[in-house]
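Analysis of the macromolecular model
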Amino acid sequence: MISFQSPVDVKDSMFIVFGLLFSYASCSSFSSSNSSSLQRSFKIDWENDCFLKDGQPFHFYSGGMHYFRVPRQYWRDRLQKLRLAGLNTLQTYIAWNAHQPQEDGQMVGLHDITEYLTLAGEMGLNVVLRPGPYICAEWDFGGLPYWLLNKPGIEFRVYSEPYVAAITKWFDILLPKVKPFLYKNGGPIIAVQVENEYGAYGRPLVCDHKYLQFLLNLYLDYLGEDVVYYTVDNTNVVRLACGALPGLLKTLDFGTNKIPHFQFKMLRQFQANGPLVNTEFWTGWFDKWGDSQHANVSASKVATRLEQMIALNASVNLYMFEGGTNFGFTNGAMSKDGYAYNARVTSYDYDSPLSEAGDVTPKFWAIRKVMKKYVVIPPGPVPAHSPKWSSGEIKMSAVVPLLGNLNLFGRCTVGKLPRTMESFNQSGGFIFYQVEWTGLLKNISLYNVHDRAIVFLDNVRVGTIDRRFSANGTVIFPSLEGSAYKTISILVENMGRVNHGSYMGEDYKGITKMVLINGEIVNSLNWTICSVAIEQITKPGTLDIAEGDSVADHFTPSFFCGNFSSPGVHDTFLDPRGWGKGIAFLNNVNLGRYWPGVGPQVTMYAPAVFFESGDNQLCLFEVDSFPDSLRDPFWGQDKIWTFD
């Protein structure tokens, strides 16, 4: 067993009062006299409560930005602004599901990781790396691949054989690519996080230290012992003990509602020595569908708490520096018990120092003002806001309804319920159920709907069941006339997999339990079940639509498309007000979900790099609104939230 130098345990309660004050001052006063003879190194000086970079005391002041939420063409611009804010370090997660979307498929985007790390190093930034494998991040399934749910007997975030075997295979691929970027090897990575807020996992808390040690051993095997490994947890002694490993640095995460002095004092009750670190100092917060307004944390509060932490000789990461966007079906969700469910919006703006479009905000200037007191800001002007363009309305005249065109949308099979999205090897989007019914028809009840079901009778919408309010629901059918032979159709939307909490392992998508008609279970009927892979039908040549097509007498979920011209050089925002709910596609790129009537997000960020110079196509997969009530969308220059 590999051993580490461990911090000294607290022996005397007097240390908490007086020793804490000493720890705040000791790092800044310590200096190594022979650092010039030392090899490139980054380590912890436990005695002096310091990080040592090449033998000299060091604090990192970092900003969080996730490569998978920001188009690669913008990375350099954003990292330059990070430096101009006075920060010296970049923090990022690695999202496993972004690179291994299918278990047996080809790895994708691994070069994104290496290019991101390379760029950070070229720009003189250090990197704090958070490889997970679980990352939370308000990201679908907390960064874990959906296909893990198909493994029999799997348990998540514990030492479960199917789980650790999959992690081992992933790390066998990932960590050799990371190793050359370690600081000791000439790269920018100065620290590596083990798991993520593990002390808060489970009800009751899981505290599986065998699992944590397994992860650490993988890191040790691939990256070596002479790397700073650390854990992070919320400010709670029980959680710190649950999520910690002996000898590893323990760090905290907290926001402006906490007083740094008292948070670090609490940490010293658990870990007497070592650098003080706030791994996630929350500069804002995330949004979920149905919030009354966009999350907001004042710039002055962020600046005040940041300066307080710097005065305590703490290293700080601003989570987030730029939030970015949950493009496609990548947003996460929360559900503590399977019923109290809420889904994150497409924007991950986070009220960050940089906006979703990468523009500096008042919070950026407040942070820069603080940092100027402690560091030398790199020379050069701070870039002005990037130009945005706007357009007139885009005529959406082409329509393809889902019902009656299932052959365009995906694969279908006939079988019994329950049948979920995962059984089709499908990660996101929709799943469709249909059954023929003869005889009396009063009502239909769905149990454990994940996450939003629309019920149709003979292609007429009769009701909706929304897991945000209840995963179970009953739809009363209207009085029927004529033939007793009826077609019942149900479209279920995956609105995002749970990214936090012990319910993650049960978040299968679709109708996950049973269906009752007139109070009788009908799972054993012959259901037609279809994987609705809507991302596929917008590929070139798939949609063959004539101008002027119209919907049927009763609206059903449909694709609307329109062509327009673009200068192709500036960012913009799609304004879908007047539409209901759906998915927006720009030139076959999934921009994510829109739901302006529910909010708080109204407009959708569309980066310039997604446009073509000249002819472009916008398609909306609209699931809720009858077209007569819709106005044509357009591109606007402003990010709009509910009640802005």
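The structure under discussion appears in the preceding block.
Here's a quick rundown of the structure. (Residues numbered from 1 in each chain as written. Predicted model: local features only at pLDDT ≥ 70, side-chain atom pairs only at ≥ 80, totals over all residues. Heavy atoms only, no water.)

**Digging into unusual backbone geometry**
When glycine is set aside, most residues are seen to have a negative phi, and most peptide bonds are trans. Quick note on the threshold: Each helix corresponds to a stretch of at least 4 residues labelled H or I by DSSP, and each strand to a stretch of at least 2 residues labelled E; elements are numbered beginning at the N terminus. Burial classes follow relative accessibility: with a 1.4 Å probe on protein chains only, a residue under 20% of its type's maximum area counts as buried, one over 50% as exposed, and anything between as partly exposed.
Looking along the chain, the bond that leaves tyrosine 319 and enters methionine 320 is cis, with omega of 0°. On the secondary structure map, methionine 320 appears in the loop between β11 (315–319) and β12 (333–335). With an omega of 20°, the peptide bond between histidine 450 and aspartate 451 qualifies as cis. Residue position: aspartate 451 is located in the loop between β17 (443–450) and β18 (452–457). Within the chain, glutamate 197 stands out as a residue other than glycine whose phi angle is a positive 50°. With respect to the helices and strands, glutamate 197 occurs in the loop between β7 (189–193) and α6 (209–223). Accessibility expressed as a relative area gives 11% for glutamate 197, which makes it buried.

**Points about the pairing of strand β28 (residues 589–594)**
So the rule is basically this: Pairing between two strands requires that DSSP report at least two bridges joining them.
Burial of β28 is extensive: 5 of the 6 residues sit out of reach of the surface. If you look at the hairpin formed by strand β27 (residues 582–586) and β28, you'll find 2 residues sitting between the two strands, and asparagine 587 has a positive phi there, around 50°.

**Section: the packing of helix α2 (residues 75–84) against helix α4 (residues 110–122)**
We count it as follows: Lines fitted to C-alpha atoms define the axes here, with helix axes fitted over just the stretch in contact, and angles between the N-to-C directions of these axes take values from 0 to 180 degrees. Our angle categories are set so that under 35 degrees counts as roughly parallel, over 145 as roughly antiparallel, 65 to 115 as roughly perpendicular, and the remainder as oblique. Helix crossings get a hand from a simple test, with the near helix turned counterclockwise from the far one by less than a right angle marking a left-handed crossing and a clockwise turn marking a right-handed one. When checking whether two residues touch, look at their non-hydrogen atoms; a contact exists if any pair is within 4.5 Å. Charged means Asp, Glu, Lys or Arg here, nonpolar means Ala, Val, Leu, Ile, Met, Phe, Trp, Tyr, Cys or Pro, and polar covers whatever is left, Gly included.
Two elements in contact, α2 and α4, have axes whose closest approach is 11 Å; the angle formed by their N-to-C orientations is 40°. Between α2 and α4, the angle falls in the class oblique. The crossing of α2 and α4 is right-handed. Residue-level contacts link Trp75, Arg76 and Leu79 of α2 to Asp112, Glu115, Tyr116, Leu119, Ala120 and Glu122 of α4. Each residue belonging to the contact of α2 with α4 can be placed in one class, and the counts come to 5 nonpolar, no polar and 4 charged.

**Points about α6**
Note the cut-off: One less than the number of residues in a helix, times 1.5 Å, gives the span that helix is expected to have. Any pair of N or O atoms that falls within 3.5 Å is considered a polar contact. Within protein, one atom must be able to donate a hydrogen and the other to accept it, and sequence-neighbouring residues count only if both atoms are side-chain atoms.
With 15 residues, α6 extends 20 Å from end C-alpha to end C-alpha; this agrees with the ideal 21 Å at 1.5 Å per step. The inward-facing, buried residues of α6 contact α5 (161–178), β7, β8 (228–234) and α7 (237–242). Sitting at the head of α6, aspartate 208 places a side-chain oxygen 3.2 Å from the backbone nitrogen of lysine 210. Taken from the residues just after α6, glycine 224 is the one with a positive phi, measuring 100°.

**Structural notes on the pattern of salt bridges**
Quick reminder of the rule: Only one rule defines a salt bridge in this text: a Lys or Arg side-chain nitrogen within 4 Å of an Asp or Glu carboxyl oxygen.
In the structure shown here, the tally under the stated rule is 30 salt bridges. For lysine 81, the salt bridge goes to aspartate 77, with nearest N and O atoms at 3.0 Å. Of the two residues, lysine 81 and aspartate 77 are both situated in helix α2; the distance of 4 residues between them amounts to about one turn of the helix. For lysine 363, the salt bridge goes to aspartate 351, with nearest N and O atoms at 2.8 Å. Of this pair, lysine 363 sits in helix α10 (residues 362–371) while aspartate 351 sits in the loop between β13 (341–343) and α10; the two residues are 12 residues apart in sequence, bridging distant segments of the chain. The two residues lysine 363 and aspartate 351 agree in class, both being buried. A single network of salt bridges, built from pairs that share partners, joins Arg452, Arg461, Asp466, Arg468 and Asp624.

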